[in-house]
Amino acid sequence: MGSSEEDTDISDSEIEEYEEKSYEELKSGKRPVKINDEAYTCPYCPKKRKRDYMYKDLLQHASGLGKCNSNKRTARDKANHLALVKYLEQDVTAIAGPSQPGAEEGPLADQDRDEMFVWPWVGIVVNIPTSFKEGRHVGESGSKLRDEYIARGFNPTRVRPLWNYLGHSGTATVEFHNDWSGFSNAISFEKAYEADHHGKRDWKVSNGWRSGLYAWVARADDYNADNVIGENLRKMGDIRTLSDIMEEEARKANKLVVNLTNVIEAKEMYLKEMKTKFEETSESLNKLIKEKDQLHQTYNEEIRKMQSTTREHFQKIFNEHEKLKTQLETEQKELEVRGKELEQREVQNEHERKKLTEELEQNATQNSLVQAATEEQRRVDAKVMKLAEQQKRQKEELHKKIIHLERQLDAKQAAELEIEQLKGTLNVMKHMGDEGDLEVLKDVEEIHKKLREKEEEFEGLESLNQTLVVKERKANDELQDARKELVNGLKDYGSDANIGVKRMGELNSKPFYEALKMTYHETEAEEKASEICSLWEEHLRDPDWHPIKVQEIDGKLQSVIVDDDKLIELRKNYGKEAYKAVTTAKLEINEFNPSGSYIVSEIWNFNEDRRATLQEGVSYLLKKWRLYQGSRRGTG
């Protein structure tokens, strides 16, 4: 390989001549390139650096060295690699495939790995404009130039102007990251200036006036130069080949791998030790659990034995207690017999007489309490029966008064009719009196007299009717109050299958739930049924909604339901049972509370499905009260 001075002596026409000559040699096969269908080799690289390439990797290698501007590359070497590029592109059919693990990639693809670079990577910039002020050369700081290079994608970490005894030297160093991405940025930085003919070679060959900045990547000659650049480069780093750097990284990677391998092996040993300890601990724990289970089983057996022994002991005590109790009862009977004998013999012992007196007083006190309780029960029974008889008499009197009132109303209507007839006869007689008939005048007087008597009788009947109406209302109010009290009593003592309390007008929600259960899930069906029942309860309480009319059926006036739009829609959406529940509730409200339109409680005979009489309710409540008193007396 020639020197950089030889490169500068060869013209471009000579390079082209060498390139054509090498191309002919490659075509003639004098320099073999293809090893097999997939592997290739570079015939121009030294034997110690020869290696196998894929087609595209060899093409990249030849192109990189053919266009390389390194001073260490001769013109002949560049011409040979350019000829190889031409031969590969025009005469060799490439079989594309993935690069082998050893293929060169990225910024190293077209670099001579034995070339010396300053490490860490440093760029050099020269011909920076300066001005002379106050006896020194001055120039701009490196931050502006660094920002410009960052914007162009070179990503330097620092641009440092170089100073000497005269001030700003017009040169600067550009520092890059000390990894391969930093090297890639440094090479891109160098090539950008070479493309503009402002590279290192252009700086050296130009004579006279130069304009603009010139820049390149620092190499061995820059490092060894006897100027301000060389001095600063020797302070900043060292010169090393790419191969040395790669080998050092490989050594570091191998060392790291070894360290990691040692750490992994240590961790695995520790893991094995922990696993052994875990197995030992687990075995010990299982042994302890078995011992605990055995102890627990033994403890349970001991507890069962103790419980059995305790039961037997208590049973023995109970039997002895029962035996003693029987003996005490026998002795008590004997004492009672003896007491009677002592009463008959009139025992003179003062102590026994006092004891007997105290026992007699206690018996008398208990007898008086029992008699008082019996008397209280008798009075309550009598009071309840009196109330029942009183209600019965009031009902009979009310019935008689109603019959008498109906008769009085009939008499009143008859009297009104007779009065009208007499008035008509009187008018006829008046007309006949005009004709001068004396008999007619006498009849008229007689009719006037009867008319006044009937009017007085009518007024008396009217007064009696009003009195009876007031008494009927009062009796009806008393009857309703009695029924309310009876309802409250039934609520306190409870109902049974015969007599109880029924809420008239209450809407049954079950038919709605059964209808909705076929469409919705159980929980959702309950919620929907509750919402729909609430809506229909509002309709039932609405006094303006009255789908009921009175008809004569079998000679009796009865209330019947007349379907309207609401009821038709109800039957259509939720079925007959829901329709029946709503209409039943509406009829009950209409019958038992037409003015209030709300739910009322009534005494009900469930066996006959009718409203229970007051007598039935009183009898049932009296029966419940007696049972309640008996249970209290038994518990007392």
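Check the entry above for the structure.
Described in the following lines is the structure provided in the data block. Predicted model only: the values in this text are computed from it and were never measured. (Residues numbered from 1 in each chain as written. Predicted model: local features only at pLDDT ≥ 70, side-chain atom pairs only at ≥ 80, totals over all residues. Heavy atoms only, no water.)

Comments concerning the overall build of the protein
Secondary structure assignment for the protein yields 16 helices and 13 strands. Across the 636 residues that make up the protein, the buried fraction comes to 29%. Taking contacts inside the protein between residues at least 6 apart in sequence as the whole, the part at least 24 apart equals 65%. As presented, the protein carries roughly 43,200 Å² of accessible surface, and 51% of it is formed by carbon and sulfur atoms. (Helix = DSSP H or I, 4+ residues; strand = E, 2+ residues; numbered from the N terminus. Buried < 20%, exposed > 50% of the residue type's maximum accessible area, 1.4 Å probe, protein only. Contact = heavy atoms within 4.5 Å. Areas by Shrake-Rupley, 256 points an atom, 1.4 Å probe, with all protein chains shown as cover.)

A word on a nonpolar patch on the surface
On the surface, L256, L260 and I264 cluster together to form a nonpolar patch covering roughly 280 Å² of accessible area. Mapping L256 onto the fold places it in helix α10 (residues 242–345). (Patch = residues over 30% accessible without salt bridge, like charges linked within 9 Å, V, L, I, M, F, W, Y side chains within 5 Å. Salt bridge = Lys/Arg side-chain N within 4 Å of Asp/Glu carboxyl O.)

Details of the pattern of salt bridges
One pass over the full model with this rule turns up 19 salt bridges. Where E115 meets R219, a salt bridge forms, and the shortest distance between an N and an O atom there is 2.6 Å. With E115 in the loop between α4 (75–91) and β1 (116–119) and R219 in the loop between β7 (214–217) and α8 (220–223), this residue pair connects regions lying 104 residues apart in the sequence. When sorted by exposure, E115 lands in the same class as R219, which is buried.

As for the sheet that holds strand β9 (residues 499–504)
The strand order across the open sheet built from 3 strands is β9-β12-β13, with neighbouring strands paired in antiparallel fashion. Looking at the sheet topology across the chains shown, the edges are occupied by β9 and β13 (610–611). Where β9 meets strand β12 (residues 600–605), 6 bridges bridge the pair, whose relative direction is antiparallel. Within the sheet, the bridge partner assigned to M504 lies in β12 and is V600. (Pairing = 2+ DSSP bridges.)

Side note on the packing of aromatic side chains
When we look at a pair of aromatic rings, we describe it by the centre distance and by the angle of the planes. Evaluated as defined, the whole model comprises 16 aromatic pairs. Considering the side-chain rings of W119 and W121, the 4.9 Å spacing of their centres and the 85° angle between planes classify their relative orientation as edge-to-face. Judged by relative accessible area, W119 falls into the buried class, the value being 17%. Seen from their ring centres, W203 and Y214 are 5.2 Å apart, and the 55° between their planes marks the pair as tilted. Placement of the pair is W203 in helix α7 (residues 200–205) and Y214 in strand β7, with a sequence separation of 11 residues. Residue classification places W203 among the partly exposed positions, given a relative accessible area of 23%. An aromatic cluster is defined as three or more aromatic residues linked by ring pairs; in this entry it consists of F117, W119, W121, W180 and F183. Here the guanidinium or amino end of K502 rests over the ring plane of W604, the centre of that ring lying 4.6 Å away. Its end group placed over the ring of Y579, R571 keeps NZ or CZ at 3.9 Å from the ring centre. (Phe/Tyr/Trp six-rings, centres within 6.5 Å; stacked < 30°, edge-to-face > 60°. Lys NZ or Arg CZ within 6 Å of the ring centre and 35° of its normal.)

Concerning the packing of helix α14 (residues 522–541) against helix α15 (residues 565–592)
Direction vectors running N to C along α14 and α15 enclose 50°, while the axes themselves pass 11 Å from each other. It follows that α14 is oblique to α15 by the angle criterion. Seen from above, α14 lies across α15 with right-handed handedness. Judged by residue contacts, I532, W536, H539 and L540 of α14 engage K566, L567, L570, Y574, V582, A585, K586 and I589 from α15. Here the residues of the contact of α14 with α15 sort into 9 nonpolar, 1 polar and 2 charged. (Axes fitted to C-alpha atoms, helices over the stretch in contact; angles between N-to-C directions. Parallel < 35°, antiparallel > 145°, perpendicular 65-115°, else oblique. Left-handed = near helix turned anticlockwise from the far one by under 90°. Nonpolar A, V, L, I, M, F, W, Y, C, P; charged D, E, K, R; others polar.)

A few points about the nonpolar core
Ranked by internal contacts, the top residues of the largest apolar core, which has 22 residues, are W121, V125, Y149, V174, F176 and F189. Broken down by element, this core gets its largest block of residues, 6 residues, from helix α6 (residues 180–195). Other than its neighbours up to four places away in sequence, W121 contacts V174, E175, F176, H177, N178, D179, W180, G182, F183, A186, L242 and I245. By size, the runner-up hydrophobic cluster in this structure holds 19 residues, among which are L516, A525, A578 and A585. (Core = buried A, V, L, I, M, F, W, Y, C linked by side-chain atoms within 4.5 Å.)

Here we look at unusual backbone geometry
Across the junction of W119 and P120, the peptide omega takes the value -5°, indicating a cis bond. Its place among the elements puts P120 in the loop between β1 and β2 (122–126). Unusually for a residue other than glycine, N155 sits at a positive phi of about 55°. You can see N155 is positioned in the loop between α5 (142–151) and β5 (158–164). A positive phi angle is found at H197, which is not glycine, with a value near 60°. Note on placement: H197 falls in the loop between α6 and α7. Exposure remark for H197: the relative accessible area of 57% places this residue in the exposed category.

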